[in-house]
Amino acid sequence: MKIHIPNSAWLNSIDTFFNGFDPSDENELNVTFHKRWMSIHPLVLSMIAALGMGIEPKKIHCEVLEAKSKHYLERMGLFNFLGINSGININKHESSGRFVPLTQIKTSEELSTFITEMTPLLHLKPIHAEPLRYVLSELIRNVLEHSLSKNGAIVSAQYYSKSNTVRVGIADTGVGIWKTINQSYNPPNDLEAIRLALTPGITGTTQKLGGTEYNAGAGLFFIKSIATVNKDFFVLYSGNAMYKLLQRTGKRISLHADPFEDRHSKRDDLPFWHGTAVGIDLSLDDTQEFSLILKLVNETYNQAIRDRKKEKYKKPQFI
Amino acid sequence: MTHIIFFKQVGEFAENKDIARDIRVKELVPALEKGENIILDFEKVEGATQSFIHALISDLMRKFGNGVLEKIQFKSCNKTIQGIITIVVDYMQESTN
């Protein structure tokens, strides 16, 4: 496999990074970097770390870094994850950053500990910590429950003062969304599987309305809703497809059960990612009260269930 | 009367579905089978996920019917937790009616 970190890889332009991924030869990993400064989303780090976890360190080749941002990569723990000695010494007690370094989470207990310890690292006010904690918990739990990844979820996050945004990346190398959804539905491709996964009330575990005792099919819809209301980017990449929620424009807030009705872009021709990768930006300037988000979610969710029930109504036969 | 105090088991953020399921199976279902009333006490809990609340109560509504809500009281819930509980209760009723 080959992966290249370009000089800029934020969610609005993340397609370029995805396009540069070469998934062939899964036993080897070659990581190359832009020669100068790199501005990269935590999603990029989480994806590379997730790839590296499945490969013996001696089969991971990492280009010698010239870019100034190599210290950032070291600090986020990338080289450690790849089993590579970067030759960079970082004073771990420095506290100038507000970030969550790359972290592997494999169990429910590890997730609970991570959620408790993560919020203070980012020094957030309660109004901002609430959606972040929610988003991370639900996304990571999805990985633990559905991905069947032996390496669990790889997570990282960073606060960016210039844009006043917390950026989060979560990646796994599990079965991917299509395989999970295909247990109950038959999506023709990865993009349709992503569409179903984002639709309220759709879960891979059952076709029954209301879900099972353990899954409702609401998690990703909630997260997309939080991103929509707060005007945030949200990217979901699995198989060869990507769905990107674009920032909401205008003052009127409306949520949609069908993610293709939201302001978005999508691709179904990307290099195949074995698993799922999710990135989200939480802008702290536009954070709405969580209770407002919940009110909107409730209305949209229930309307979606009513619509799905209606689809199953028997129709009169007129002759 | 069965009184469940969540803070002791989940801390300030109720997100661990395994704990929710254990509480449901080991404490809530037996209590309801005996005809007892239940208080779910969220004092000091700041937030909860929809997954947690779903794992806690959705199967009760399915097993015992929507009338089970007359046997359960939700105590000391802040606005967020009230919102999440309302969502789960509403979609379960929409799904079963």
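Before going into details, it helps to say that this report is about the structure given with it. (Residues numbered from 1 in each chain as written. Chains lettered and ligands numbered in written order. Predicted model: local features only at pLDDT ≥ 70, side-chain atom pairs only at ≥ 80, totals over all residues. Heavy atoms only, no water.)

## Concerning the overall build of chain B
The helix and strand inventory of chain B stands at four helices and five strands. Helices and strands in chain B line up, N terminus first, as β-α-β-α-β-β-α-β-α. Its C-alpha atoms give chain B a radius of gyration of 12 Å, within 12% of the compact-globule value 13 Å for 97 residues. Taking the principal axes of its C-alpha atoms as reference, chain B extends roughly 30 × 25 × 20 Å. Per-residue burial for chain B yields a buried fraction of 54% across its 97 residues. Across chain B, the fraction of contacts at a sequence separation of at least 24, relative to all contacts at a separation of at least 6, is 83%. Surface accessibility of chain B: about 4,100 Å² in total, with carbon and sulfur atoms responsible for 46%. (Helix = DSSP H or I, 4+ residues; strand = E, 2+ residues; numbered from the N terminus. Rg over C-alpha atoms; globule rule 2.2 N^0.38 Å. Buried < 20%, exposed > 50% of the residue type's maximum accessible area, 1.4 Å probe, protein only. Contact = heavy atoms within 4.5 Å. Areas by Shrake-Rupley, 256 points an atom, 1.4 Å probe, with all protein chains shown as cover.)

## Remarks on the pairing of strand S8 (residues 165-172) of chain A
Residues and elements named next belong to chain A. Across the eight residues of S8, eight count as buried, placing the element largely inside the fold. Of the two faces of S8, the one carrying Thr165, Arg167, Gly169 and Ala171 and the one carrying Val166, Val168, Ile170 and Asp172 are both buried. Taken together, the seven bridges between strand S7 (residues 153-160) and S8 define a ladder with antiparallel strand orientation. Residue Gln158 lies in a different strand from S8, and its bridge partner there is Arg167. Taking the residues that link successive antiparallel strands as the turn, the S7-S8 hairpin has four residues, and the phi of Asn164 there is positive, at about 50°. (Pairing = 2+ DSSP bridges.)

## Some details on helix H8 (residues 190-197) of chain A
Residue and element names in this part refer to chain A. Here H8 has its buried residues at Asp190, Leu191, Ala193, Ile194 and Ala197. Looking down the long axis of H8, one finds its buried residues gathered within 160° of arc, a one-sided arrangement. Close packing links the buried residues of H8 with helix H7 (176-181), helix H9 (219-229), strand S9 (234-239), strand S10 (241-245) and strand S11 (264-267). (Arc of directions from axis to C-beta.)

## Here's the deal with the sheet that holds strand S5 (residues 60-62) of chain A
All names here are of chain A. Here we have three strands laid out as an open sheet, ordered S1-S3-S5, and parallel in their pairing. The open sheet has two free edges, formed respectively by strand S1 (2-5) and S5, since each of these has just one partner strand. If you compare each strand with its neighbour and ignore which way they point, the axes differ by 15° on average. Sheet topology places strand S3 (residues 29-33) next to S5; three bridges connect them, and they run parallel. (Axes fitted to C-alpha atoms, helices over the stretch in contact; angles between N-to-C directions.)

## Remarks on the sheet that holds strand S5 (residues 72-75) of chain B
Residue and element names in this part refer to chain B. Read from one edge of the open sheet, three strands run S1-S3-S5, paired in parallel fashion. Strand pairing shows two members of the sheet lacking a second neighbour, strand S1 (2-5) and S5, which therefore form its edges. Neighbour to neighbour, the strand axes of the sheet diverge by 15° on average, direction disregarded. Strand direction decides the pairing type here: strand S3 (residues 38-41) and S5, joined by four bridges, are parallel. Directly across from Leu40, in S5, lies its bridge partner Phe74.

## Quick look at empty space enclosed by the protein
Taken as a whole and judged by the stated rule, the model has two cavities of 30 Å³ or more. Computed from the structure, the largest cavity encloses a volume of approximately 480 Å³. Residue lining of the largest cavity: 32 residues in total, with A:Asn142, A:His146, A:Thr180, A:Ala197 and A:Leu220 positioned closest to the centre. Secondary structure elements with two or more residues in the lining of the largest cavity: helix H6 (126-147), S8, H7, H9 and strand S12 (273-283) of chain A together with helix H3 (50-64) of chain B. Broken down by element, the lining of the largest cavity gets its largest block of residues, eight residues, from H6(A). (1 Å grid on protein atoms, 1.4 Å probe; cavity = no way out; pocket = protein on both sides within 12 Å on 5 of 7 lines; lining within 4 Å. Points joined across faces, edges and corners; volume = space filled by probe spheres on them.)

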